[in-house]
Amino acid sequence: MKTKQHTIKEAVTVSGVGLHTGVTANMTFTPAGPNHGIKFQRIDLPDQPIVDADVDYVVDLSRGTTIEHNGARVNTVEHTLAALVGLEIDNVLIQIDGPEPPILDGSSRIFIEALEKVGTVEQNALRNFLEVTESVMYRDPDRDVEIAALPLDDFRVTVMVDYNSPVLGSQHASLNNIQDFKKDISSSRTFCFLHELEMLYKNNLIRGGDLNNAIVVVDRVVKDEELDYLAGLFNKPKVEVKKEGILNNVELRHRNEPARHKLLDVVGDLALVGRPIKAQILAARPGHAANVAFAKKLKKAMLNTKSSAPYYDPTVEPVMDINQIMQILPHRYPFLLIDKIIHLDETMVAGIKNVTMNEPFFTGHFPGNPVMPGVLQIEAMAQIGGILVLNTVPDPENYTPYFLGIDKCKFRKMVIPGDTIKFKCELTSPIKRGIAQMNGYAYVGNTLVCEASMTARIVKNQ
């Protein structure tokens, strides 16, 4: 998986009719900055409201996933989101002049092709993964649905479907590497059973369906009169049943195409968590309702572990190295106490301090039993917080952060030579008039060694 955030190089548009609304729309993917995330914008509505791709904004799950926020609704977002996840695109604004993305061929393939045509660009920000450290389980006994997320330093998905149908039977599909999404999953189309078609149409759904953008499964004997009725309903000269039990509208692209499309839906719906996921996802008989319920459970677990130790991989290029840090902070030896910034967004920063026996303070601070002074741990934490505060101005090199107060400071474990301290500072409220309030934490491994609440102010240099 990519470690840094990505957006697209330039705007690209796809156009077509929405599956359920039947409304033609033009949808333009536009580049966005680091930590922007995935957002939709209804440019056909007054004030052009923006809808975040967030599981908390899901309002309808009838045959697709619909989100609504700021008075704007976007229907059937899962195929679009799956394409973005499949290409590991983190930041994009999707401008759409209608209520629903184009259904196109019923898969994510055409979205993938359009996005690949303009290409992606790496951004100077690490991806903020949702890392599953303990198993998360979801079960809906009424629908016989089970979904689990198991700890894994990667993203893999396995789906099993069983519709008790002599045509479909039991099917499995797996995605073991996100880079295989385009080749193995993206072209798999949506599907439904023949007996559902008229019901869907009478319930004001599939208004954009024309039998070219879905697999229609026939699992019972069908009379000629019913086929003629369907042909008239969808404006087709003739509708026939093929020997494998599907209408003559399409040829199967994969033997297990329905299971692969269900996997596509899982990938798209889980994008609503708002962060790329590191986990092994196992889903038995999933659907949009279960996917979204599971996404909410994952997001809740993510929020509950927000104050855990930041993840650090020393082989990954940092957001800021020591030279970049020195361009922003005025501190120098022996009082520059941070070595790397490994995460930085609007509300949180994380950085690293490698503690060695060569630190100048060990000469006189318990020389027979070297322990890093607590006040210097706080100073290092304050410098990390200073980076966060300076990130709010366009020219940080022209400002200096000064700390106004420290509260609720606790030292929980000694820090000794050889330790690598992982610092994290989080804003507790928006910065006002240059004053920031934040909580700071210091970890060695996953053990909390120091914490404090701090208040800082940035002052422009004279």
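These numbers were taken from a predicted model, which means no experiment stands behind them.

Colleague: Please clarify how the environment of Ala-309 should be interpreted in this entry.
Modeller: Looking at where Ala-309 falls in the secondary structure, it is placed in the loop between helix H7 (288–304) and helix H8 (322–328). Separated by 114 residues in the primary sequence, Ala-309 and Phe-423 place their C-alpha atoms 8.2 Å from one another. Those residues within four positions of Ala-309 in sequence are excluded, and the remaining contacts are Lys-422, Tyr-443, Gly-445 and Asn-446.

Colleague: It is not clear to me how unusual backbone geometry should be interpreted in this structure. Could you clarify?
Modeller: Negative phi is the rule for most residues except glycine; trans is the rule for most peptide bonds. Following Tyr-333, the chain continues into Pro-334 via a peptide bond in cis, with omega recorded as 5°. On the secondary structure map, Pro-334 appears in the loop between H8 and strand E19 (340–344). Even without a glycine there, the phi angle at Glu-88 is positive, about 55°. Mapping Glu-88 onto the fold places it in the loop between helix H1 (78–86) and strand E9 (92–96). Of the residues examined, Glu-88 reaches a relative accessible area of 4% and is grouped as buried.

Colleague: Can you walk me through the sheet that holds strand E23 (residues 435–444) in this structure?
Modeller: In sheet architecture, strand pairing relies on hydrogen bonds along the backbone and comes in two forms, parallel and antiparallel. Read from one edge to the other, the open sheet built from 6 strands follows the order E19-E20-E22-E23-E24-E21, with strand pairing classed as antiparallel. What marks the edges here is a single partner per strand, and that holds for E19 and strand E21 (399–411). Within the sheet, the average angular offset between the axes of one strand and its neighbour, ignoring direction, is 25°. Examined bridge by bridge, strand E20 (residues 348–354) and strand E22 (residues 420–427) share 7 bridges and lie antiparallel to one another. Bridge pairing links Ala-350 to Lys-424 in E22.

Colleague: I would appreciate a short explanation of the sheet that holds strand E2 (residues 12–17) in the present structure.
Modeller: Taken in spatial order, the 5 strands line up as E2-E3-E9-E4-E5 in an open sheet, and their pairing is mixed. Both edges of this open sheet fall to E2 and strand E5 (50–52), since each of them pairs with a single strand only. Averaged over neighbouring strand pairs, the angle between their axes works out to 25° when direction is ignored. Across the face of the sheet, H1 comes into contact with strand E3 (24–31), strand E4 (38–42) and E9 while running at roughly 140° to E4. The strands that helix H2 (residues 109–118) touches are E2 and E3; relative to E2, the one it contacts most, it runs at about 160°.

Colleague: Would you explain the packing of H1 against H2 in this entry?
Modeller: The packing of two helices is summarised by the inter-axis angle and the distance between the axes. Between H1 and H2, whose axes approach to 9 Å, the crossing angle comes to 45°. Compared by their axis directions, H1 and H2 come out oblique. Judged by the twist between their axes, the crossing of H1 over H2 is right-handed. Counting all contacts with H1, which are made through His-79, Thr-80, Ala-83 and Leu-84, the residues of H2 involved are Phe-111, Ile-112 and Leu-115. Class assignment for the residues of the contact of H1 with H2 results in 5 nonpolar, 2 polar and no charged.

Colleague: How should the side chain of Arg-127 be read in this particular structure?
Modeller: Residue placement: Arg-127 occurs in the loop between strand E10 (120–126) and strand E11 (130–131). On the accessibility criterion, Arg-127 (9% relative accessible area) is buried. Reaching out from Arg-127, the side chain makes a polar contact with the side chain of Glu-88 at a distance of 3.0 Å. In contact with Arg-127, not counting residues within four places along its chain, are Met-1, Lys-2, Thr-3, Lys-4, Gln-5, Glu-88, Asp-90 and Pro-276.

Colleague: What is the right way to read the packing of aromatic side chains from this model?
Modeller: In this description, an aromatic ring pair is defined by two values, namely the gap between the centres and the angle between the planes. The tally for this structure, following the rule as stated, stands at 3 aromatic pairs. In this arrangement the basic side chain of Lys-278 is found over the ring face of Phe-129, its NZ or CZ atom lying 4.4 Å from the centre.

Colleague: Looking at this structure, how should I read the pairing of strand E24 (residues 447–460)?
Modeller: The two faces of the sheet receive side chains in turn, since in a regular strand these alternate between them. One ladder, built from 10 bridges, connects E21 with E24; its direction is antiparallel. Of the residues in E24, the one forming a bridge with Phe-411 is Cys-450. Of the pairings in the sheet, the one linking E23 to E24 comprises 10 bridges and is antiparallel in character. Across the sheet, residue Tyr-443 finds its bridge partner in E24, namely Leu-448. If you look at the hairpin formed by E23 and E24, you'll find 2 residues sitting between the two strands, and Gly-445 has a positive phi there, around 65°.

Colleague: Please clarify how the pairing of E4 should be interpreted in this entry.
Modeller: With 5 of 5 residues buried, E4 is to be regarded as a mostly interior element. By the alternation rule, side chains of E4 split into Ile-38, Phe-40 and Arg-42 and Lys-39 and Gln-41, which are all buried. Across 5 bridges, E4 lies against E9 in parallel orientation. Looking at E9, one finds that Ile-38 is bridged to Val-92. Examined bridge by bridge, E4 and E5 share 3 bridges and lie antiparallel to one another. Residue pairing for E5: Lys-39 is matched across the bridge by Asp-52.

Colleague: I keep staring at the pattern of salt bridges and nothing clicks. Help me out?
Modeller: When the charged atoms of two side chains lie near each other, side chains of opposite charge can form a pair. Applying the stated rule across the entire model yields 20 salt bridges. With a shortest N-O distance of 3.0 Å, Arg-143 and Asp-140 are connected by a salt bridge. Judged by relative accessible area, which is 55%, Arg-143 ranks as exposed. You can call Asp-140 buried: its relative accessible area is 10%. A salt bridge links Glu-359 to Lys-353; the shortest N-O distance between them is 3.0 Å. Each of the two residues, Glu-359 as well as Lys-353, counts as buried. Through salt bridges with shared partners, one network takes in Asp-54, Asp-56 and Lys-299.

What counts and how
Residues numbered from 1 in each chain as written. Predicted model: local features only at pLDDT ≥ 70, side-chain atom pairs only at ≥ 80, totals over all residues. Heavy atoms only, no water. Helix = DSSP H or I, 4+ residues; strand = E, 2+ residues; numbered from the N terminus. Contact = heavy atoms within 4.5 Å. Buried < 20%, exposed > 50% of the residue type's maximum accessible area, 1.4 Å probe, protein only. Pairing = 2+ DSSP bridges. Axes fitted to C-alpha atoms, helices over the stretch in contact; angles between N-to-C directions. Parallel < 35°, antiparallel > 145°, perpendicular 65-115°, else oblique. Left-handed = near helix turned anticlockwise from the far one by under 90°. Nonpolar A, V, L, I, M, F, W, Y, C, P; charged D, E, K, R; others polar. Polar contact = N/O pair within 3.5 Å; in protein donor to acceptor, adjacent residues only side chain to side chain. Phe/Tyr/Trp six-rings, centres within 6.5 Å; stacked < 30°, edge-to-face > 60°. Lys NZ or Arg CZ within 6 Å of the ring centre and 35° of its normal. Salt bridge = Lys/Arg side-chain N within 4 Å of Asp/Glu carboxyl O.

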